[in-house]
Amino acid sequence: MIYTYKKCKTEAKFGNKEVSVIRKEDGACIPFDPANRDYQEYLAWVAEGNTAEAADGLTWDSIRAKRDGILQSTDWTMTTGASVDQAQWAAYRQNIRENTSTISSKYLSIRTCTRWELYNFCSIS
């Protein structure tokens, strides 16, 4: 079987260098480890003149940044005198903090959201 590959986005915790690649056919994450058979197959594929597809923009760093932006943009809901249901907003904000890893990438696109969309952010999947 002939495989194709996609680069993984780099992250600060890895020194912003590539440390793995994704095999597109089965979604396998292949670490850049010379002892790994799949990595050796990837290197042979590259040596044949192939190029891995560019990484998409979604990384844990971008997910955390999006989460932090949402929390910052909803800080006003926790101020004294805010005319909203603060208990519901507090639960929503806690859900954002606790469930960052389960947020669908579909809702991580950079765009302006209405307050209603922000409120329902974690309940949409």
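For the structure, see preceding data.
Draft legend 1. Just the packing of aromatic side chains, in detail. Summed over the entire model, instances satisfying the criterion amount to eight aromatic pairs. Residues Phe32 and Tyr39 carry aromatic rings whose centres are separated by 5.1 Å and whose planes lie at 35 degrees to one another, so their mutual orientation is tilted. Overall, the relative accessible area of 14% leaves Tyr39 in the buried class. Here the aromatic rings of Trp89 and Tyr92 are separated by 5.5 Å at their centres, their planes lie at 90 degrees, and the arrangement is edge-to-face. Remark: Tyr92 and Trp89 occur in helix 3 (residues 86–98); sequence separation between them is three residues, near one turn of the helix.

Draft legend 2. The environment of Ile30, seen in detail. Note on placement: Ile30 falls in strand 3 (residues 28–31). For Ile30, a relative accessible area of 1% corresponds to the buried category. Contacts of Ile30, omitting those with residues within four sequence positions, involve Tyr5, Val19, Ser20, Val21, Arg23, Asn36, Asp38 and Tyr39.

Draft legend 3. Examining the environment of Val84 more closely. Within the fold, Val84 resides in the loop between helix 2 (60–73) and helix 3. Of the residues examined, Val84 reaches a relative accessible area of 27% and is grouped as partly exposed. Not counting chain neighbours up to four residues away, the residues in contact with Val84 comprise Trp76, Thr77 and Trp89.

Calculation rules
Residues numbered from 1 in each chain as written. Predicted model: local features only at pLDDT ≥ 70, side-chain atom pairs only at ≥ 80, totals over all residues. Heavy atoms only, no water. Phe/Tyr/Trp six-rings, centres within 6.5 Å; stacked < 30°, edge-to-face > 60°. Buried < 20%, exposed > 50% of the residue type's maximum accessible area, 1.4 Å probe, protein only. Helix = DSSP H or I, 4+ residues; strand = E, 2+ residues; numbered from the N terminus. Contact = heavy atoms within 4.5 Å.

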